[in-house]
Amino acid sequence: MLANPRNCDLVVLSHDGHGRLKLDGRCELELRDEGEEQDGSDSNGGRRRSRKTVVGYRKLAKLRTIPPQYVHHRTARVNEHDTV
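Here is what the cut-offs are and how they apply
Residues numbered from 1 in each chain as written. Predicted model: local features only at pLDDT ≥ 70, side-chain atom pairs only at ≥ 80, totals over all residues. Heavy atoms only, no water. Helix = DSSP H or I, 4+ residues; strand = E, 2+ residues; numbered from the N terminus. Buried < 20%, exposed > 50% of the residue type's maximum accessible area, 1.4 Å probe, protein only. Contact = heavy atoms within 4.5 Å. Areas by Shrake-Rupley, 256 points an atom, 1.4 Å probe, with all protein chains shown as cover. Polar contact = N/O pair within 3.5 Å; in protein donor to acceptor, adjacent residues only side chain to side chain. Salt bridge = Lys/Arg side-chain N within 4 Å of Asp/Glu carboxyl O. Patch = residues over 30% accessible without salt bridge, like charges linked within 9 Å, V, L, I, M, F, W, Y side chains within 5 Å. pLDDT = per-residue confidence, 0-100.

Asks: I would appreciate a short explanation of the overall build of the protein chain in the present structure.
Replies: Of regular secondary structure, the protein chain possesses zero helices and three strands. When the helices and strands of the protein chain are read in sequence order from the N terminus, they spell out β-β-β. Burial statistics for the protein chain: of 84 residues in total, 12% are counted as buried. The long-range fraction of contacts in the protein chain, counting pairs at least 24 apart against all pairs at least 6 apart in sequence, stands at 42%. Summing over all exposed atoms, the protein chain offers an accessible surface of approximately 7,700 Å²; the carbon and sulfur share of this is 48%.

The structure is reproduced here in structure tokens:
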């Protein structure tokens, strides 16, 4: 089972030459820390926030999946006459 995507995760599909798409991997953002800045809008003296800049994308061959111990199967019934 696939995990929820992170911020700006991309799934990459490619053409197989026979009219179908195949899963080619995923890309995620590469970030670089630019340091911290003080946010003065808070009434208790402000908060520190880290500032990050997007450098590019990193291509990964596999998708992120959920470990099997966290997968819970559920049975959904459309009406009361459905059987399990």
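Once the structure has been displayed, the description carries forward.
Asks: Explanation requested: the environment of D82 in the structure shown.
Replies: When you line up the elements, D82 lands in the segment after strand 3 (47-60). Owing to a relative accessible area of 29%, D82 belongs among the partly exposed residues under this scheme. Separated by 2.8 Å, the side chain of D82 and the backbone nitrogen of V78 make a polar contact.

Asks: Quick question: what am I supposed to make of the pattern of salt bridges here?
Replies: Pairs may arise between side chains of opposite charge once their charged atoms sit close together. For the structure shown, the criterion picks out four salt bridges. Taking the shortest distance from any N to any O, the salt bridge between K59 and D24 comes out at 3.2 Å. Within this pair, whereas K59 is found in strand 3, its partner D24 is found in strand 2 (residues 21-39), the two being separated by 35 residues in sequence. The salt bridge involving R32 is made with E34; its shortest N-O contact spans 3.2 Å. Judged by its relative accessible area of 42%, E34 falls in the partly exposed class. Salt bridges sharing common partners tie together R26, E28 and R58.

Asks: Whenever I open this one, a nonpolar patch on the surface confuses me. Can you help?
Replies: On the surface, a nonpolar cluster with roughly 410 Å² of combined accessible area is contributed by V11, L13, L21 and L23. Only strand 1 (10-15) and strand 2 provide two or more residues apiece to the nonpolar patch. Here V11 lies in strand 1.

Asks: Teacher, can you tell me more about the confidence of the model for the protein chain here?
Replies: For any part of a model where pLDDT is low, the fine detail of the predicted coordinates should not be relied upon. The predicted model of the protein chain averages 79 in pLDDT, with 83% of residues at 70 or higher. The element-level mean pLDDT for the protein chain is lowest in strand 2, coming to 80, with strand 1 highest at 86.

Asks: In this structure, what is going on with the side chain of S14? I would like to understand it.
Replies: Mapped onto the fold, S14 is located in strand 1. Residue classification places S14 among the buried residues on the basis of a relative accessible area of 19%. Residue contacts for S14: discarding those within four places in its chain leaves R20, L21, K22 and D24.

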